[in-house]
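What follows is each chain in one-letter form.
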Amino acid sequence: MTDIKIEGAEIIIVGGSSGMGLALARRLLAEGARVTIAGRSAERLEAARRELGDPADLKTAVLDLTREKEIAAFFHDCGPIDHIVSTAADIEGAYQLLPDLQLSAAQRVVESKFYGPLLLAKYGAPCLPPSGSITYTSGVAAYRPAARGSVVAAVNAALEGLVRALAVELAPLRVNAVSPGWVDTPIWSFVAGDAKQATLEAMAKRLPAGRVGRPEDIADAIRFLIGNGFTTGTILHVEGGHRLV
Ligand SMILES: NC(=O)c1ccc[n+]([C@@H]2O[C@H](COP(=O)([O-])OP(=O)(O)OC[C@H]3O[C@@H](n4cnc5c(N)ncnc54)[C@H](OP(=O)(O)O)[C@@H]3O)[C@@H](O)[C@H]2O)c1
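Residues numbered from 1 in each chain as written. Predicted model: local features only at pLDDT ≥ 70, side-chain atom pairs only at ≥ 80, totals over all residues. Heavy atoms only, no water.

## Considering the site of the ligand
Near the ligand you find 30 residues, and of these Ser 17, Ser 18, Arg 40, Val 183 and Thr 185 are the closest. A distance of 2.7 Å is found between an oxygen atom of the ligand and a side-chain nitrogen or oxygen belonging to Ser 17. Separating a nitrogen atom of the ligand from a backbone N or O atom of Leu 65 is a distance of 2.8 Å. A total of 900 Å² of accessible area belongs to the ligand in isolation, and the protein chains cover 94% of it. Tallied by class, the residues present in the shell around the ligand amount to twelve nonpolar, 13 polar and five charged. (Near = heavy atom within 4 Å. Polar contact = N/O pair within 3.5 Å; in protein donor to acceptor, adjacent residues only side chain to side chain. Areas by Shrake-Rupley, 256 points an atom, 1.4 Å probe, with all protein chains shown as cover. Nonpolar A, V, L, I, M, F, W, Y, C, P; charged D, E, K, R; others polar.)

Written as structure tokens, this is what we have:
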């Protein structure tokens, strides 16, 4: 038994309209949490609502993590919250070798995966009870960078530094991150395009776990970080052994 209740808890998932965030929403709703999924696209949020079966305990919110005013207004208006999660990332155009890398694409990664999480903490932390938590999503690229992935590698590493600092500054709130390995989600269309399946299959053969990740693997890890009251400042690696190979 953990000391943090999930049933009845109000949980915000920024990035909850797709991939890992959507899997987390499904998992938490099944445990009786009241979940708000947030993202930029109202259409994606509505599609996610349908995919989740339109449950009564689900709300949606259009929210762009790169816009400080939107984040401030969201937390001003949203009522009590127990936990905040971000799985959001805008990596479109960012997987490039340096000669082809546009600064604007790199800036969107920084805004969605570093400044956005920073602002979520700035405006969201005051809404949380002492038992509350913030959970971010970094990634294995910080440890096993590949060519074309320099920006994502660097931003994941920066986010992990932020987690440790916020765990100290915002205590007793807990602040953690899950660091996923390669997980089969829609984000791969931006990383590998048509080569997505072949790229993921090749990685599955290399990994000690013998497969790439499923969104549910990461949802399970975030569920642990939300629910374990003695875990803070931690980066939880869920990557099938990727850092070993
Ligand atoms: N999949 C992998 O193999 C992998 C590996 C390592 C790390 N990660 C990390 O894991 C996290 C989740 O990835 P995923 O694979 O689940 O991605 P995904 O399926 O592409 O989902 C990304 C979500 O973020 C939202 N989003 C993007 N930019 C946003 C912004 N500026 N403001 C608010 N919401 C925004 C998207 O909705 P809208 O587009 O509608 O805003 C979507 O709901 C990301 O941080 C990613 O970098 C993924």
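Having seen the model, we can carry on.
## Observations concerning unusual backbone geometry
Going from Ala 171 to Pro 172, the amide bond is cis rather than trans, its omega being 15°. Relative to the helices and strands, Pro 172 is located in the loop between helix H5 (150-169) and strand E6 (174-180). Of note, the phi angle at Asp 54 is positive, near 50°, even though the residue is not glycine. Along the chain, Asp 54 falls in the loop between helix H2 (42-51) and strand E3 (58-62). Residue Asp 54 is classed as partly exposed on the basis of its relative accessible area, which comes to 49%. The backbone of Arg 148 shows a phi angle near 85°, a positive value even though the residue is not glycine. Relative to the elements of secondary structure, Arg 148 occurs in the loop between strand E5 (133-137) and H5. You can call Arg 148 partly exposed: its relative accessible area is 35%. (Helix = DSSP H or I, 4+ residues; strand = E, 2+ residues; numbered from the N terminus. Buried < 20%, exposed > 50% of the residue type's maximum accessible area, 1.4 Å probe, protein only.)

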